[in-house]
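Summary of the model geometry
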Amino acid sequence: DENVIELLGFSFENTLQQIQILMPQAVRLAPKILELSGGSPGNNKKLLSYVSGDSIQLIELDAIRACNQELYEAIAVGTKSLPENLAGEIVPALEALCILQDFDKEYEAPIMFASHKKLNGIWDVKRSASMFLLLTNIQIGPGKLIDWDRNKSSYAIEEQTRFSLELELKLRDKNLWETLHCTAMKM
C-alpha cells in the first residue's frame, strides 16, 4: 500500500478540456459528466461513449453501468468458485454498504445488509462476517475493493467504486437507495 498513490479527480476545468479534446460537440454536457464521473478521467471517457443523437443526449443509467463494468468483472472473478446463491448476494451486499463513506463490520454492516430487499434472512454477526470476508477478498485494480482505511479508522469501499455504485443504485432503484440512506441515518 505504500506505493499506491491516490489521484485526485478532475476539476470542472479539466473535465471540460478532456471533453473538448475527445468530443467537442458534447461540451454542454460537462457539468452532467462531471457529476456522473465524480471527476474520474477514465469514467469521463466511458461516459462520452454513451453520448448519442443529434441533440447530444447522455443515457445516464447505461453510462454509469459502463463505468461500473470493472467492478462487475472483479466480482465475477472473485466469486466464480462460490455457490450461486452466495455469489448472488455480493452485489446487493455492496449496494447496502456503498451509501456509507466508511463503516464498522460488526455494527453497521449487518444492519445495512438486513435493510437491503434482496438480502433475505437473518443477518447476524456470523453471517455478516462471512459476507464481509468475501467482500474484502475481491480485488479491484491494484487494491482491494474493501479495505481498512487508516485515516478513517474503519473499513471503506474504494472511493471511486463506491461513488459510481451508489450513483447506479440511485438511478436504478431510488426507493432502495432512500431506504438504505434512512437506515444509515437511524444508526
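Preceding block: the structure.
A brief structural summary.

Criteria and thresholds
Residues numbered from 1 in each chain as written. Predicted model: local features only at pLDDT ≥ 70, side-chain atom pairs only at ≥ 80, totals over all residues. Heavy atoms only, no water. Helix = DSSP H or I, 4+ residues; strand = E, 2+ residues; numbered from the N terminus. Rg over C-alpha atoms; globule rule 2.2 N^0.38 Å. Contact = heavy atoms within 4.5 Å. Lys, Arg positive; Asp, Glu negative; His and termini not counted. Charge placed at Lys NZ, Arg CZ, Asp CG, Glu CD. Polar contact = N/O pair within 3.5 Å; in protein donor to acceptor, adjacent residues only side chain to side chain. Core = buried A, V, L, I, M, F, W, Y, C linked by side-chain atoms within 4.5 Å. Buried < 20%, exposed > 50% of the residue type's maximum accessible area, 1.4 Å probe, protein only. Phe/Tyr/Trp six-rings, centres within 6.5 Å; stacked < 30°, edge-to-face > 60°. Pairing = 2+ DSSP bridges. Axes fitted to C-alpha atoms, helices over the stretch in contact; angles between N-to-C directions. Parallel < 35°, antiparallel > 145°, perpendicular 65-115°, else oblique.

The helix and strand tally for the protein stands at 11 helices and 6 strands. For the protein, the C-alpha radius of gyration of 17 Å lies close to 16 Å, the compact-globule estimate for 187 residues. In terms of its C-alpha atoms, the protein occupies a principal-axis envelope of roughly 55 × 40 × 35 Å. A sequence separation of at least 24 residues applies to 58% of the contacts in the protein between residues at least 6 apart. The centroid of the 19 positive side-chain charges in the protein is displaced by 4 Å from the centroid of its 26 negative side-chain charges.

Mapped onto the fold, Thr 136 is located in helix H9 (residues 125–136). Only 3.1 Å separates the side chain of Thr 136 from the backbone oxygen of Leu 133, close enough to count as a polar contact. Among all residues touching Thr 136, those that are not within four sequence positions of it are Lys 144 and Ile 146.

In a soluble, globular protein the nonpolar side chains are often hidden away together inside. In terms of nonpolar packing, the biggest core is built from 32 residues, with Leu 94, Leu 97, Phe 113, Leu 135 and Ile 146 touching the most fellow members. Secondary-structure elements contributing two or more residues to this core are helix H5 (69–79), helix H7 (90–98), helix H8 (108–115), H9, strand S6 (154–157), helix H10 (159–172) and helix H11 (174–186). Top element by residues in this core is H7. It accounts for 6 residues. Every residue in contact with Leu 135, bar those within four places of it in the chain, is listed here: Ile 90, Ala 93, Leu 94, Leu 97, Phe 113, Leu 145 and Ile 146. Counting residues in hydrophobic clusters, the runner-up holds 14 residues, among them Ile 19, Leu 36, Leu 48 and Ala 63.

A few words on the packing of aromatic side chains. Each aromatic ring pair is summarised here by two numbers: the centre-to-centre distance and the angle between the ring planes. Under the criterion given, the structure shown has 4 aromatic pairs. Note on Trp 148 and Tyr 155: the rings are 5.1 Å apart at their centroids and 80° apart in plane angle, and the pair reads as edge-to-face. The partly exposed category is assigned to Trp 148, whose relative accessible area is 45%. Cluster of aromatic residues (ring-pair linked, three or more members): Phe 103, Phe 132, Trp 148 and Tyr 155.

Before going further, it helps to examine the pairing of strand S5 (residues 146–149). Sheet topology note: the S5/S6 ladder contains 4 bridges and is antiparallel. Its bridge partner lying in S6, Asp 147 is registered against Ala 156. Between S5 and S6, which pair antiparallel in sequence order, lie 4 residues; one of them, Ser 153, sits at a positive phi of approximately 55°.

Let's shift gears to the side chain of Glu 95. For Glu 95, the location among the structural elements is in helix H7. When sequence neighbours within four positions are dropped, the list of residues in contact with Glu 95 reads His 116, Leu 165, Leu 169, Arg 172, Leu 176 and Leu 180.

Moving on to the environment of Glu 73. In this fold, Glu 73 is placed in helix H5. Judged by relative accessible area, Glu 73 falls into the partly exposed class, the value being 46%. As a C-alpha pair, Glu 73 and Ile 140 span 67 residues in sequence and 9.0 Å in three-dimensional space.

Further remarks concern the packing of helix H2 (residues 30–37) against H10. Packed helices, taken two at a time, are described by the angle their axes make and the gap between the axes. Running from amino to carboxyl end, H2 crosses H10 at an angle of 110°, the nearest separation of the two axes being 9 Å. Put simply, H2 runs roughly perpendicular to H10. From H2, Glu 35, Leu 36 and Ser 37 reach across to H10, where they touch Gln 160, Phe 163 and Leu 167.

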